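# Understanding the architecture of this molecule
So you can see what is in the structure, the chains are spelled out below.
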Amino acid sequence: MTELPDPRVLLRGHGLRCTPGRLQIVALFSAPTRHLSIAEAWAELNQTGTAVHPTTVYRTLETLTAVGLTHAVYGPGPTRYCVRGEPHHHVVCQDCGLVEALAHERLTDAVGRIEELTGLRPDASGSLLVYGRCAKCGT
Ligand SMILES: [Zn+2]
Ligand SMILES: [Zn+2]
């Protein structure tokens, strides 16, 4: 996995000012496999002693998603977000809401087949969303 750039670099690269709240939120969502809901992000920030209002987390994620720094995954349950970073797609468990990332480079066959069948070329990041049941819920 390639390392994501420093949160400051990411924010500035998307034309955003580096406020303390934004820096913390980008850092929190930067791990490649982390897809957190607003409530989960807020709980984690609180645990680390950062007093931030849930509305701030929500507004920040709206801003970051609007400029393409993060993307949203709409599953059952709350919307989850992650920093785009390494191109990836998502699988979502429709029972427990678990979100997992799948590296785009491991799906080039599927992406090629979709384009062949439909003429539509899936975007390299976040365009495929597969619903199903995870190993825990699937029995
Ligand atoms: Zn993602
Ligand atoms: Zn599940």
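Residues numbered from 1 in each chain as written. Chains lettered and ligands numbered in written order. Predicted model: local features only at pLDDT ≥ 70, side-chain atom pairs only at ≥ 80, totals over all residues. Heavy atoms only, no water.

### Describing the side chain of His35
Keep this limit in mind: Helix and strand definitions here come from DSSP, where helices need a minimum of 4 consecutive H or I residues and strands a minimum of 2 consecutive E residues; each element is numbered from the N-terminal end. For this analysis, a polar contact is any N or O atom pair within 3.5 Å, provided that within protein one partner can donate a hydrogen and the other can accept it, and provided that sequence-adjacent residues contribute only side-chain to side-chain pairs. Here, residues are in contact when the closest pair of their heavy atoms is within 4.5 Å.
Summarising the element assignment, His35 is placed in the loop between helix 2 (20-29) and strand 1 (36-37). Side-chain polar atoms of His35 contact the side chain of His88, separated by 3.3 Å. Engagement of the side chain of His35 in a polar contact is seen with the side chain of His90, the distance being 2.9 Å. With residues near it in sequence (within four places) discarded, His35 still touches Glu40, His71, Val73, Arg80, Tyr81, Cys82, His88, His90, Val99 and Ala101.

### Here we look at the packing of helix 2 against helix 4 (residues 54-66)
For clarity, the threshold we go by: Inter-axis angles, ranging from 0 to 180 degrees, are taken between N-to-C directions of lines fitted to C-alpha atoms, where helices are fitted over the stretch in contact. If an angle is under 35 degrees, it is roughly parallel; if it is over 145, roughly antiparallel; if it lies from 65 to 115, roughly perpendicular; otherwise it is oblique. Three classes are used, and their members are as follows: Ala, Val, Leu, Ile, Met, Phe, Trp, Tyr, Cys and Pro are nonpolar, Asp, Glu, Lys and Arg are charged, and the others, Gly among them, are polar.
In the contact formed by helix 2 and helix 4, the axes pass within 10 Å of each other and the chain directions differ by 75 degrees. Taken together, helix 2 and helix 4 sit at an angle that is classed as roughly perpendicular. Mapping the contact onto sequence places Arg22, Ile25, Val26 and Phe29 in helix 2 and Val57, Thr60, Leu61, Thr63 and Leu64 in helix 4. Broken down by class, the residue content of the contact of helix 2 with helix 4 amounts to 6 nonpolar, 2 polar and 1 charged.

### Considering the coordination of the zinc ion (ligand 1)
Our working rule: Each metal site is built from N, O and S donor atoms within 2.8 Å (3.2 Å for Na, K and Ca), and since water is not included, such sites may look incomplete. Think of it in three bands: with a 1.4 Å probe and only protein chains considered, a residue is buried below 20% of the maximum accessible area for its type, exposed above 50%, and partly exposed in between.
For the zinc ion (ligand 1), every protein donor is listed as His35 (NE2), His71 (NE2), Cys82 (SG), His88 (NE2) and His90 (NE2), and the spread of their distances is 2.1 to 2.4 Å. Motif for the zinc ion (ligand 1), donor spacing along one chain: H-x35-H-x10-C-x5-H-x1-H. One end of the pair, His35, is in the loop between helix 2 and strand 1; the other, His88, is in strand 4 (residues 88-93), and 53 residues separate them in sequence. Both residues of the pair, His35 and His88, count as buried.

### Focus: the domain arrangement of the protein
The following threshold applies: Boundary definitions for the domains trace back to an automatic or database domain assignment. By buried area we mean the combined loss of accessible area, with a 1.4 Å probe, across both parts when two parts are placed together.
As assigned here, the protein comprises domain 1 (7-83) and domain 2 (88-132). The centre of domain 1, based on its C-alpha atoms, is set 22 Å off from the matching centre of domain 2. Summing both sides of the interface, domain 1 and domain 2 together bury roughly 770 Å²; the carbon and sulfur share of this comes to 67%. Sorting the residues of domain 1 by area buried against domain 2 places His71, Val73 and Pro76 first, and these three jointly supply 50% of that buried surface.

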